[in-house]
Number of protein chains: 2
Amino acid sequence: MKKTTIGIVGYGNLGKGVEVGLKHSVDLELVGIFTRRQPDQLETSSPVYHIDKLVDFKDTIDVLILCGGSQKDIPTQAPKMAELFNTVDTYDNHNEIPTHFEKLDKVARNNNTTAVLSTGWDPGLFSLNRLFAEAILPKGNTYTFWGPGLSQGHSDAVRRVEGVKHAVQYTVPKQEQVDAVKNKKSLDYNKQDAHKRVVFLVLDENADEKKVRESISTMPDYFYGYETEITIIDQATFDRDHTGMPHGGTVMRQGKTTDENTAVYQFGLDLDSNPEFTAAVTIAYARAAGKLAKEKQYGAKTVFDIAPSYLSPKDPKELRKELL
Amino acid sequence: MKKTTIGIVGYGNLGKGVEVGLKHSVDLELVGIFTRRQPDQLETSSPVYHIDKLVDFKDTIDVLILCGGSQKDIPTQAPKMAELFNTVDTYDNHNEIPTHFEKLDKVARNNNTTAVLSTGWDPGLFSLNRLFAEAILPKGNTYTFWGPGLSQGHSDAVRRVEGVKHAVQYTVPKQEQVDAVKNKKSLDYNKQDAHKRVVFLVLDENADEKKVRESISTMPDYFYGYETEITIIDQATFDRDHTGMPHGGTVMRQGKTTDENTAVYQFGLDLDSNPEFTAAVTIAYARAAGKLAKEKQYGAKTVFDIAPSYLSPKDPKELRKELL
Ligand SMILES: NC(=O)c1ccc[n+]([C@@H]2O[C@H](COP(=O)([O-])OP(=O)(O)OC[C@H]3O[C@@H](n4cnc5c(N)ncnc54)[C@H](OP(=O)(O)O)[C@@H]3O)[C@@H](O)[C@H]2O)c1
Ligand SMILES: NC(=O)c1ccc[n+]([C@@H]2O[C@H](COP(=O)([O-])OP(=O)(O)OC[C@H]3O[C@@H](n4cnc5c(N)ncnc54)[C@H](OP(=O)(O)O)[C@@H]3O)[C@@H](O)[C@H]2O)c1
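All of these numbers come straight from a predicted model, not from anything done at the bench.

> Looking at this structure, how should I read the UniProt feature "binding site: substrate" (unreviewed entry) in chain A?
Residues and elements named next belong to chain A. UniProt marks Trp-146, Thr-171, Arg-197, His-247 and Asn-274 with the feature "binding site: substrate" (unreviewed entry), using the numbering shown here. We classify His-247 as buried; its relative accessible area is 11%. For His-247, the residues in contact, after removing those within four places along its chain, are Trp-121, Trp-146, Gly-147, Pro-148, Gly-149, Leu-150, Leu-269, Asp-270, Leu-271 and Asn-274. Position of Asn-274 relative to the elements: it lies in helix 10 (residues 274–294).

Here you go:
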């Protein structure tokens, strides 16, 4: 069987995750990593090319996995690359997904390519489970809890506070709320009250601890109004316990099948590495993109539009026999 | 919008679940229930017809939901009905699914109908999650735990023991094993040791309790070799606590995203009523069958072959905006 050939665009956390993840898929083959930086700056044993060379690979790469940032990179990179390549991205700016879809769909249809957008876990697997749960249990409520997990944006915000040397912020769902949904209790859910913000930080020498704590707790948008826990730790503890990128969360739906009977639908992830797992999802959707393009199913596709069997390297017959 | 019209074939637990479940779906409409018994024997306010009248509904029913038993009814009913109708079933005889698929696929292709098989939760949602988890985390192990839930077959077996008046048997996963997988510990799993069998029974007057207990614990295939707990209760307790049909379970996969990092993928159901929830899944797939047939996507389809958006009454644009 001819392998599906893959290019990685952008070599950050996600790009590195895709690079290692591809090693677990015998039907996929990495052709190269494409970066805006000088190729020889990247520490890797995979082939690296400058992004300007991408066009030379038009006929050798089946699917590009776009690993740029959702804020600045994907909105410009994705529509441009979908002109020449089948693509997959993990675009996670929820409000802008419909616009991103429309742009990609137009480009992909005009150029006979397939562009799979917003894969990963949220958007991605969480979205899928929101859909399944709601379609199956129309009478009910869906709840999403994020974490325990590292929030990059909030960690950055803490690091900018005067007197902070190193910091991480974990978003942690309130267990009693998760348990309430699990145990079929009613819950008056709002995202803010359902999570707490847990900060671990190393102080600068001579920093004013009281002032640091206050600056964080009162920071608008990021911490103000949230239950926030701040723990001061030393450098050694920080280095030992807080350099990973764990994340995860739960999507749950409580639904009534009749007035008397409740069903709880639950989907959860517990990830040592957010970018590696996001990469793993993206890789499965890259396989799907390759198959869809072969079938001339062109245009933009979301996780909602792709039959599950496309994600697997196994053929439909094997799947029915082994997994149904 | 024209509603999709539905017929229910067979009026047991599942058929009744579909009847009530359809009330939650504004885009679906029940035309009638079809039974092998005398129609006036069935207690319901829905229209009931003898199954011999089905053919008269060829042009008024879009999709038939087949609610017969997997053992004896579905293997004969499904291929016959797929000649005239689009169908959905919950066929759960895992070993025979490939054969059932081949038979249905032939009939459905020859007659331009769509036949969706083996929906429900296992097979069905559990199968879907086994597929997603394995495709995303190729390096790992999948574990299925069933229950806590009522096992019809085992309850029947206990009831046949001399001295037993009423009985129920719940299959209960061993919590320490579930927790081990959740907590990223390794687990040497086998189905038998992962579950215990919990029996509640009411004795006949003058029954020999010791003999009853022994007959159950040593019953080959059903209980022998399993950790079995037997509790004797009185009739009032039985009537109060043990007349429902709860079920559920968990599909989990522990996967390595790199040698260092683990991801735990988890899908769980906790159902007050197994047949009502199975019905709810089947109803969503009946919607999908209606859409597929309209698009002339004929033949047999499993849950692996159907894009998630087909299950929802919302259109793809709404789905992207609200759920992605
Ligand atoms: N859907 C989901 O569930 C999900 C989950 C997690 C993340 N995501 C998305 O994934 C996106 C990418 O995340 P990420 O963690 O990989 O972001 P990142 O590490 O900041 O990388 C983003 C881009 O920045 C450039 N870059 C990386 N390291 C650099 C360095 N040392 N110096 C200069 N440039 C560097 C790379 O492009 P060049 O190689 O071209 O320089 C890279 O593609 C996020 O924006 C997020 O939206 C989605
Ligand atoms: N995939 C899954 O996750 C899943 C989960 C649960 C169940 N299932 C499947 O669903 C199937 C149906 O389950 P069920 O609980 O609905 O079975 P059931 O109650 O035994 O009904 C099966 C059939 O028996 C007939 N029947 C029912 N009550 C009767 C009565 N009082 N007297 C005479 N006949 C009667 C009905 O046909 P008529 O109306 O024509 O007489 C009915 O369609 C099971 O075999 C199982 O395989 C699948």
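> Even after reading the chapter, I still don't get the sheet that holds strand 10 (residues 195–203) of chain B, so can you show me in this structure?
The strands making up a sheet associate through backbone hydrogen bonding, with each pair oriented either parallel or antiparallel. All names here are of chain B. Strand order in the open sheet made by the four strands is 8-9-10-11, with mixed pairing throughout. Looking at the sheet topology across the chains shown, the edges are occupied by strand 8 (149–150) and strand 11 (227–232). Bridging between strand 8 and strand 9 (residues 164–173) involves two bridges; their strand directions are antiparallel. Residue Leu-150 lies in a different strand from strand 9, and its bridge partner there is Tyr-170. Sitting on the sheet, helix 5 (residues 152–159) touches strand 8, strand 9 and strand 10, and the angle it makes with strand 9 is about 145 degrees. Its contacts with the sheet put helix 8 (residues 209–217) on strand 9, strand 10 and strand 11, and the angle it makes with strand 11 is roughly 150 degrees.

> Explanation requested: the relation of the copies chain A and chain B in the structure shown.
Comparison of the two chain copies shows a relationship of rotation about an axis with a shift along it. Of the transformation superimposing chain A on chain B, the axial component is 0.0 Å and the angular component is 180 degrees, with the fit at an RMSD of 0.0 Å. Classification of the inter-copy transformation places it as that of a two-fold axis. Residues of chain A ranked by C-alpha distance from the rotation axis are headed by Ala307(A), positioned 1.9 Å from it. Looking at chain A, 100% of its interface residues are interface residues in chain B too, so the copies touch through the same face.

> Even after reading the chapter, I still don't get the packing of aromatic side chains, so can you show me in this structure?
The way to describe two aromatic rings as a pair is by their centre distance and the angle between their planes. Enumeration according to the criterion identifies 18 aromatic pairs over all chains in this entry. Arranged with centres 5.0 Å apart and planes meeting at 80 degrees, the rings of Tyr265(A) and Phe267(B) form a pair that is edge-to-face. Of the two residues, Tyr265(A) is situated in strand 13 (residues 262–271) and Phe267(B) in strand 13 (residues 262–271); the pairing between them involves two chains. Residues Tyr265(A) and Phe267(B) agree in their burial class; the two are buried. On the numbers, 5.6 Å between centres and 85 degrees between planes, the contact of Phe145(B) with Tyr189(B) is edge-to-face.

> For this particular structure, what's the right way to read unusual backbone geometry?
A negative phi angle characterises most non-glycine residues, just as the trans form characterises most peptide bonds. The omega torsion of the bond from Asp122(A) to Pro123(A) falls at 0 degrees, within 30 degrees of zero and hence cis. With respect to the helices, strands and loops of the structure, Pro123(A) is situated in the loop between strand 6 (114–116) and helix 4 (125–136). In this structure, Ser118(B) takes a positive phi of about 55 degrees despite not being glycine. By the secondary structure assignment, Ser118(B) is in the loop between strand 6 (114–116) and helix 4 (125–136). Taking relative accessible area as the criterion, Ser118(B) reaches 0% and is therefore assigned buried. If you check the backbone angles, Asp221(B) has positive phi at about 70 degrees while not being a glycine. By the element assignment, Asp221(B) lies in the loop between helix 8 and strand 11.

> Hey, could you run me through the interface of chain A and chain B in this one?
Each partner contributes to the interface: chain A provides 67 residues, whereas chain B provides 67 residues. Together chain A and chain B conceal approximately 5700 Å² of surface at their shared face, both sides included; 63% is due to carbon and sulfur atoms. Where chain A touches chain B, the interface holds eight salt bridges. A salt bridge links Asp272(A) to Lys184(B); the nearest nitrogen and oxygen atoms lie 2.5 Å apart. Run the count over chain A and chain B and you get 26 residue pairs in polar contact (both at pLDDT 80 or more). Elements that contribute at least two residues to the side of chain A that touches chain B include exactly helix 3 (97–111), helix 4, strand 13, helix 10 and helix 11 (316–322) of chain A. Looking at chain direction, strand 13 of chain A and strand 13 of chain B are connected through nine bridges and run antiparallel. If you follow Gly268(A) over to strand 13 of chain B, its bridge partner there is Gln266(B).

> I keep staring at the pairing of strand 10 of chain B and nothing clicks. Help me out?
For a regular strand, side chains alternate in direction, first toward one face of the sheet and then toward the other. Residue and element names in this part refer to chain B. Counting buried residues in strand 10 gives eight out of nine residues, a clear majority hidden from the surface. Pairing between strand 10 and strand 11: six bridges, direction parallel. Within strand 11, the residue paired with Phe-200 across the bridge is Thr-231. What joins strand 10 to strand 11 is helix 8, and the crossover it makes is right-handed.

> Help me understand the packing of helix 1 (residues 13–21) of chain A against helix 10 of chain A, please; the structure alone is not making it clear to me.
Each pair of packed helices gets described by two things: the angle between the helix axes and the distance between those axes. Residues and elements named next belong to chain A. Interaxial distance between helix 1 and helix 10 falls to 8 Å at its minimum, and their mutual angle equals 60 degrees. On the basis of their axis angle, the class for helix 1 and helix 10 is oblique. Both helix 1 and helix 10 take part in a crossing whose hand is right-handed. Listed contacts from helix 10 to Asn-13, Leu-14, Gly-17, Val-18 and Gly-21 of helix 1 are Pro-275, Glu-276, Thr-278, Ala-279 and Ile-283. Residue composition of the contact of helix 1 with helix 10, by class: five nonpolar, four polar and one charged.

> Any chance you could explain the confidence of the model for chain A here in plain terms?
Caution applies to low-pLDDT parts of the model: their predicted coordinates are not meant to be read in detail. When pLDDT is averaged along chain A, the result is 97; 100% of the residues meet or exceed 70. Overall fold confidence (pTM) sits at 0.97, and the ipTM for the predicted complex is 0.97.

About the cut-offs
Residues numbered from 1 in each chain as written. Chains lettered and ligands numbered in written order. Predicted model: local features only at pLDDT ≥ 70, side-chain atom pairs only at ≥ 80, totals over all residues. Heavy atoms only, no water. UniProt positions renumbered as here; feature names shortened; annotations may be inferred. Buried < 20%, exposed > 50% of the residue type's maximum accessible area, 1.4 Å probe, protein only. Contact = heavy atoms within 4.5 Å. Helix = DSSP H or I, 4+ residues; strand = E, 2+ residues; numbered from the N terminus. Pairing = 2+ DSSP bridges. Axes fitted to C-alpha atoms, helices over the stretch in contact; angles between N-to-C directions. Least-squares fit on C-alpha atoms with pLDDT ≥ 70 in both. Phe/Tyr/Trp six-rings, centres within 6.5 Å; stacked < 30°, edge-to-face > 60°. Buried area = accessible area lost by both parts, 1.4 Å probe. Salt bridge = Lys/Arg side-chain N within 4 Å of Asp/Glu carboxyl O. Polar contact = N/O pair within 3.5 Å; in protein donor to acceptor, adjacent residues only side chain to side chain. Right-handed = clockwise from strand over helix to strand, strands pointing away. Parallel < 35°, antiparallel > 145°, perpendicular 65-115°, else oblique. Left-handed = near helix turned anticlockwise from the far one by under 90°. Nonpolar A, V, L, I, M, F, W, Y, C, P; charged D, E, K, R; others polar. pLDDT = per-residue confidence, 0-100.

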